[in-house]
Structure formats: structure tokens, C-alpha cells
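Architecture and fold: a report
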Amino acid sequence: MANLTKEVLRQLAQFGQLGITFAICSFIGFGAGYFIDHWVFSGRWSPLFMFIGLAFGIAAGYRVLFGVLQRSKDTSMNDRL
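Here is a short report on the structure shown in this document. (Residues numbered from 1 in each chain as written. Predicted model: local features only at pLDDT ≥ 70, side-chain atom pairs only at ≥ 80, totals over all residues. Heavy atoms only, no water.)

We now examine the environment of L18. Tracing the sequence through the fold places L18 in helix α1 (residues 2-40). On the accessibility criterion, L18 (14% relative accessible area) is buried. When the C-alpha positions of L18 and Q70 are compared, they lie 13 Å apart, and in sequence the two are 52 residues distant. Those residues in contact with L18, other than ones at most four positions away along the chain, are V64, L65 and V68. (Helix = DSSP H or I, 4+ residues; strand = E, 2+ residues; numbered from the N terminus. Buried < 20%, exposed > 50% of the residue type's maximum accessible area, 1.4 Å probe, protein only. Contact = heavy atoms within 4.5 Å.)

Tallied over the entire structure, the rule returns one salt bridge. The partner of E7 in a salt bridge is R10, and the shortest N-O contact between them spans 2.6 Å. Of the two residues, E7 and R10 are both situated in helix α1; the distance of three residues between them amounts to about one turn of the helix. (Salt bridge = Lys/Arg side-chain N within 4 Å of Asp/Glu carboxyl O.)

What follows covers the environment of I52. Among the secondary structure elements, I52 is positioned in helix α2 (residues 48-80). In this structure, the C-alpha to C-alpha distance between I52 and D37, residues 15 residues apart in sequence, is 10 Å.

So this is what it looks like as C-alpha cells:
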């Protein structure tokens, strides 16, 4: 029973980090795009790089998601053997 509880808590922590990681990746991409927009367009507001940075941030979040899911799948396959 203690082993099961430890495993549930480990998986809860592992999947709980996804939301935070997704948000941080998105904010970093958005912020980088905002900075590049102001640097390239000299302070005029143009959301071109902001949207590109946000897309890269979201893509990075999905990359982390797939990595965590792959690790979870690998550990579950090892547990079955």
C-alpha cells in the first residue's frame, strides 16, 4: 500500500509540473516576441514576433508534455515486465 501511495504522489507531481511548465514556456515566448517587436519596430506595436514567440513557447510546452508522457509510458512498461 505504501508503494502505491508513493507511486501516485510521484505521478501527481510529475503531471502537476506540466501546467506550470506550459505557462512558463508560453510567457517566455510571448515576452521574447514582445521584446523583439519593440527592438525591430522601434517601439511601434506590431504583434508579429509576439505571436511567433508565443507559438514557439506553446510548441516548447508540447515538447515537454510529450517527453513526460513518453517517460511515463516507459516506466509503466518496465513495471509490467
